[in-house]
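Per-entry structural report
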Amino acid sequence: MALPLTYNVRNLLVRKLSSSLTFAVVATLVLVLCVLLSFAAGIRASLAGSGWPENIIVLKPGATAESTSIITPDEFGRIVQAPAIARDASGQMLVSQELCVQTSVLRRGPRGSPANVAIRGVDDVALDVHPEVRVIAGRRLEQGQLEVMVGKAARERFQNLDLGDQIRLGRQSNRIYRVVGVFDSGGGAFDSEIWAPRSMLSDSFARRFISSAVVRLSDSNRADETIAYINGPAVALEAKRETAYYEDLAKKTSEIVWLTTVLIAIMAVGAVFAVANTMYAAVDGRRREIAMLRTIGFNRAAILVSFVVESLVVCLTACCVGLVLSFLFSGTRQDFLSDTTWTVLAYELRLTPGIIGAALALATGVGVLGALAPALRASRVRIIEALRKS
């Protein structure tokens, strides 16, 4: 025979202080878990959604990202000799030379803290090579003019990036560029960038090289052939699929996930002890009550299950509250400074079904582990000794 759930709820209401403290610990644990995992999921989603499957990106061997890559004009001249390069209707090769630099831009808000934002110098062919990039406001860049297009996320996160605004760029920040367009890449990494005419950006920063070359393939099935040619002695550069490049950047967040796991594990241990202390106090204060329950017919298993259920009521209710609070953060846009590119990446906190499942599993585990030892102690209470105590 099992004890009714109302018995457990009434006991929790009697011990309001200890129950509230345990409730707060578990709710905080769930909230921190959801926010940290949402951060990692948002970063991965932003990077994994970047790149085009028919594109190959070419970098300098040993470069960890475009920001650390240098490709000279002679090297670029060898890239265009690779096989399976697509051409447009006019016969122009779909190869985008891209220069990546950084500049400091103030975030929106009263404090206006600075952020290191990526500036990408591109030619007109870039929008053909990157078809996921669509101009949603204003117009395209005009080569030879001091003007920029800004990503949708960059405009939302940083100051002075609305249409018609001006931004200072260059080695000495002495060139004034005007914002003429806003583009959207479907939530990818480009949305956090600012694009400018490559020739003008090269002159402003005194960079006589490019950071990367993005090649559109005429046949994606020949990607391995093209990559082998570029990686071989004829070109001696490093090529990979553009999607693979951004997937590699996304894997860098694994370190953050591991640190998150360690932090959550430490907090979970503390929560288990908090639950255990609460349940031990409940056992000590209810020894006569437990003895009476045994006397009227409830066996040890029923007592054990009752205390575990009591713990789970607190933990799962706290989990629900923690999830509700985490939903307040879900969908908000933040930015993260990558230690690979040294530029900020705007991302959206995402509360996924997997994260909700992890939160429920954690709360259940804390509730069971924290209550198990006190519940065993309660089930072993000696009836006669407990009834003799006043």
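Everything below is about the structure printed above this text.
Below is a summary of the structure that appears in this document. (Residues numbered from 1 in each chain as written. Predicted model: local features only at pLDDT ≥ 70, side-chain atom pairs only at ≥ 80, totals over all residues. Heavy atoms only, no water.)

Here's the deal with the overall build of the protein
- Regarding its fold elements, the protein presents 13 helices and twelve strands.
- Counting all 390 residues of the protein, 47% fall into the buried class.
- Looking at the protein alone, contacts between residues at least 24 apart form 77% of all its contacts between residues at least 6 apart.
- Just so you have it, the protein exposes about 18,200 Å², and 58% of that area is on carbon and sulfur atoms. (Helix = DSSP H or I, 4+ residues; strand = E, 2+ residues; numbered from the N terminus. Buried < 20%, exposed > 50% of the residue type's maximum accessible area, 1.4 Å probe, protein only. Contact = heavy atoms within 4.5 Å. Areas by Shrake-Rupley, 256 points an atom, 1.4 Å probe, with all protein chains shown as cover.)

Describing the side chain of Ser38
- With respect to the helices and strands, the residue Ser38 is situated in helix α2 (residues 16-48).
- Residue classification places Ser38 among the buried positions, given a relative accessible area of 5%.
- Polar side-chain contacts of Ser38 include one of 2.6 Å to the backbone oxygen of Cys34.
- Among all residues touching Ser38, those that are not within four sequence positions of it are Glu348, Leu349, Arg350, Leu351 and Ile355. (Polar contact = N/O pair within 3.5 Å; in protein donor to acceptor, adjacent residues only side chain to side chain.)

Quick look at the nonpolar core
- With 29 residues, the main nonpolar core has Leu47, Trp195, Tyr245 and Tyr246 as its most contacted residues.
- Of all the secondary-structure elements, those providing two or more residues to this core are α2, β1 (55-59), α4 (126-129), β7 (175-184), α8 (242-251) and β12 (344-348).
- Once you skip the residues sitting within four places of it in the chain, Leu47 turns out to touch Ala189, Tyr246, Leu249, Ala250 and Leu345.
- Grouped together as the second largest cluster of nonpolar side chains are 27 residues, Cys34, Val272, Met279 and Leu312 included. (Core = buried A, V, L, I, M, F, W, Y, C linked by side-chain atoms within 4.5 Å.)

A short note on the environment of Arg134
- Note on placement: Arg134 falls in strand β4 (residues 134-138).
- By relative accessible area, which is 46% here, Arg134 ends up partly exposed.
- Placed 51 residues apart in sequence, Arg134 and Ser185 show a C-alpha to C-alpha distance of 6.3 Å.

What to know about helix α7 (residues 223-231)
- Turning to α7, its buried residues number three or more, namely Ala223, Thr226, Ile227 and Ile230. Relative to the axis of α7, the buried residues are bounded by an arc of 100° and lie together on one face.
- Each element contacted by the buried residues of α7 is listed here: β1 and β10 (238-241). (Arc of directions from axis to C-beta.)

Examining the environment of Gly270
- Within the secondary structure, Gly270 sits in helix α9 (residues 254-285).
- Separated by 96 residues in the primary sequence, Gly270 and Val366 have C-alpha atoms spaced 9.4 Å apart.

Quick notes on a nonpolar patch on the surface
- A cluster of nonpolar side chains, Val321, Leu325, Leu328 and Phe329, forms an exposed patch at the surface whose accessible area comes to about 350 Å².
- Position of Leu325 among the secondary structure elements: in helix α11 (residues 300-327).
- Classification of Leu325 as partly exposed rests on a relative accessible area of 35%. (Patch = residues over 30% accessible without salt bridge, like charges linked within 9 Å, V, L, I, M, F, W, Y side chains within 5 Å. Salt bridge = Lys/Arg side-chain N within 4 Å of Asp/Glu carboxyl O.)

A word on the environment of Pro131
- Within the secondary structure layout, Pro131 lies in the loop between α4 and β4.
- When the C-alpha positions of Pro131 and Ser185 are compared, they lie 8.5 Å apart, and in sequence the two are 54 residues distant.
- Once you skip the residues sitting within four places of it in the chain, Pro131 turns out to touch Trp52 and Arg216.

Things to note about α8
- Looking only at α8, the buried set comprises Glu242, Tyr245, Tyr246, Leu249 and Ala250. Projected down its long axis, α8 carries its buried residues within an arc of 140°, all on one side.

Some points on the pairing of strand β3 (residues 114-122)
- Judged by how many residues are buried, β3 sits mostly within the fold: seven of nine residues are covered.
- For strand β2 (residues 95-106) and β3, the ladder comprises eight bridges, and the chain directions are antiparallel. Bridge pairing links Thr103 to Val117 in β3.
- Where β3 meets strand β8 (residues 194-197), four bridges bridge the pair, whose relative direction is parallel. Each bridged residue has a counterpart across the sheet, and for Gly121 the counterpart in β8 is Ala196. (Pairing = 2+ DSSP bridges.)

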